Amino acid sequence: MSIQIVTDSTVQLTAEELATLPITVVPLVVRLGKQEFLNDGVQITNAQFLSHLVNDEELPKTSQPSIGQFLEVFDELGKNGDEVLCLDLTHFLSGTVNAARQAAEMSSTKVTVVDSLSIDRGLAFQVITAAKLAKNGAPMDTIINAIDLHRSNTEIYVFLNTLENLIRGGRISKAAGGIANLLNIKVMAEVKDGELRVAAKGRGKRFIRKEIADLVERIKLLAPAKVGLTHVDNLTQASEVANQIKAALPNTLVTIHEAGPVISTYTSVGALAIEFYTD
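Looking at an unreviewed UniProt entry, one finds the chain named DegV family protein and attributed to Secundilactobacillus angelensis.

Printed below as a string of structure tokens:
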């Protein structure tokens, strides 16, 4: 028997990681007006979604996978006696992990569901570690201990040029958001204990540049094993930051990713996330 790893499509994994590790991704759902798509990179690509995000009057909507989607995956993976470990994005941002838990109770497969309390490449750090250990035959308790360590030692910061989509999507109040936009407020948010919180705020792009520069300097001092950068139509800035980190830390794995629809919907164009793991 083996342990199969399941996660959701908010994760940021490279094509090589998906091809070489025992990982199954269950897609969230994206709604554009009356049209509905699986967030699987096939029914709708990041580029296609970004066009809608910029041009459509109505903000796109996202929703968690159904219990049935998870149940089908769990039953299929366990039909030969394998166990399943399912790691999902933080419950503060989605009901995905709760849908997985309900499906696990219904499945004939032995399923362990874990709330990663993370998102994006931070979620990927846990998923990759779990998959590598599972591939090498590690037992479930060893894998759980390893991902707990990753959760405790991963930091995630998100730099936002606009709060408009967070307001429209109901993630912050219209009153607070309206004042912020009026004053040209920019935000550095942090994912702390699974919750997205404001870590710093200031006026104008100069504030964002300074906060990113300060964080890069801190990363250079910490010398983390892994750094992930995720952007929403902001490859130039992401590449600049990646090059600075690579130059200072040649042994650190640095990856750049395009944000998927779920993250892009609320962070909007120009956003940049910097995520790193210190072992």
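A.B. asks: Honestly, the overall build of the chain in this entry has me stumped. Any pointers?
C.D. replies: Counting secondary structure elements, the chain contains 11 helices and 13 strands. Its C-alpha atoms give the chain a radius of gyration of 19 Å, near enough to 19 Å, the size a compact globule of 279 residues would have. Of all 279 residues assigned to the chain, the portion counted as buried reaches 53%. Taking all contacts inside the chain whose residues are at least 6 apart in sequence as the whole, residues at least 24 apart take part in 74%. Roughly 13,200 Å² of accessible area belongs to the chain as shown, and the carbon and sulfur atoms make up 51% of that amount. The chain carries 26 positive and 32 negative side-chain charges, and their two centres are separated by 8 Å.

A.B. asks: Help me out: how do you make sense of the pairing of strand β7 (residues 111–115) in this one?
C.D. replies: Successive residues of a regular strand alternate their side chains across the two faces of the sheet. Counting buried positions along β7 gives 4 out of 5 residues, so the element sits mostly inside the fold. With 5 bridges joining them, strand β6 (residues 83–88) and β7 adopt parallel strand pairing. Paired with L87 across the bridge in β7 is V114. Regarding topology, helix α4 (residues 96–106) serves as the crossover connection from β6 to the parallel β7, and that connection is right-handed.

A.B. asks: I'm lost on the sheet that holds strand β8 (residues 154–160) in this one. Help?
C.D. replies: Consider a sheet: its strands pair through backbone hydrogen bonds, and that pairing is either parallel or antiparallel. A sheet is described by the order of its strands in space; here 6 strands give the open sequence β10-β9-β8-β13-β11-β12, paired in mixed fashion. Looking at which strands have only one partner, the edges of the open sheet turn out to be β10 (195–203) and β12 (253–258). Averaged over neighbouring strand pairs, the angle between their axes works out to 15° when direction is ignored. Pairing analysis gives 6 bridges linking strand β11 (residues 226–231) to β12, with the strands arranged parallel. Each bridged residue has a counterpart across the sheet, and for G228 the counterpart in β12 is T255.

A.B. asks: Explain the sheet that holds β7 here, please?
C.D. replies: Sheet architecture is open: 4 strands sit in the order β2-β1-β6-β7, paired in parallel fashion. Of all the strands in the sheet, just β2 (23–26) and β7 have a single pairing partner and so form its edges. On average, each strand axis in the sheet is tilted by 25° relative to the strand beside it, whichever way the strands run. The strands touched by helix α5 (residues 120–135) are β1 (3–8), β2 and β6; relative to β1, the strand with the most contacts, the crossing angle is about 165°.

A.B. asks: Mind showing me how you'd approach α5 here?
C.D. replies: Residues three or four positions apart in an α-helix share a direction because the helix packs 3.6 residues into each turn. For α5, with 16 residues, the first-to-last C-alpha span of 22 Å sits near the 22 Å given by 1.5 Å per residue. Counting buried residues along α5, 13 of its 16 residues qualify, which places the element largely inside the surrounding structure. Remark: G137 follows α5 within two positions and exhibits a positive phi of approximately 85°.

A.B. asks: Honestly, the packing of aromatic side chains in this entry has me stumped. Any pointers?
C.D. replies: Aromatic ring pairs are reported here in terms of the distance separating the ring centres and the angle at which the planes meet. Under the defined criterion, the tally for this structure stands at 2 aromatic pairs. Ring geometry for Y157 versus F276: centroids 6.4 Å apart, planes at 20°, classification stacked. Separated by 119 residues along the polypeptide, Y157 in strand β8 and F276 in strand β13 (residues 272–277) bring together distant segments of the chain. A relative accessible area of 9% means that Y157 is categorised as buried.

A.B. asks: What is the right way to read the pattern of salt bridges from this model?
C.D. replies: All chains considered together, the criterion is met by 9 salt bridges. The residue E58 makes a salt bridge to K61 at a minimum N-O spacing of 3.0 Å. E58 gets classed as partly exposed once you look at its relative accessible area, which sits at 45%. Note that D214 is salt-bridged to K210, the shortest N-O span being 2.8 Å. Of this pair, D214 and K210 both sit in helix α9 (residues 204–222), 4 residues apart, which is roughly one turn of the helix. Its relative accessible area of 38% is what places D214 among the partly exposed residues.

What counts and what doesn't
Residues numbered from 1 in each chain as written. Predicted model: local features only at pLDDT ≥ 70, side-chain atom pairs only at ≥ 80, totals over all residues. Heavy atoms only, no water. Helix = DSSP H or I, 4+ residues; strand = E, 2+ residues; numbered from the N terminus. Rg over C-alpha atoms; globule rule 2.2 N^0.38 Å. Buried < 20%, exposed > 50% of the residue type's maximum accessible area, 1.4 Å probe, protein only. Contact = heavy atoms within 4.5 Å. Areas by Shrake-Rupley, 256 points an atom, 1.4 Å probe, with all protein chains shown as cover. Lys, Arg positive; Asp, Glu negative; His and termini not counted. Charge placed at Lys NZ, Arg CZ, Asp CG, Glu CD. Pairing = 2+ DSSP bridges. Right-handed = clockwise from strand over helix to strand, strands pointing away. Axes fitted to C-alpha atoms, helices over the stretch in contact; angles between N-to-C directions. Expected span 1.5 Å × (residues − 1). Phe/Tyr/Trp six-rings, centres within 6.5 Å; stacked < 30°, edge-to-face > 60°. Salt bridge = Lys/Arg side-chain N within 4 Å of Asp/Glu carboxyl O.

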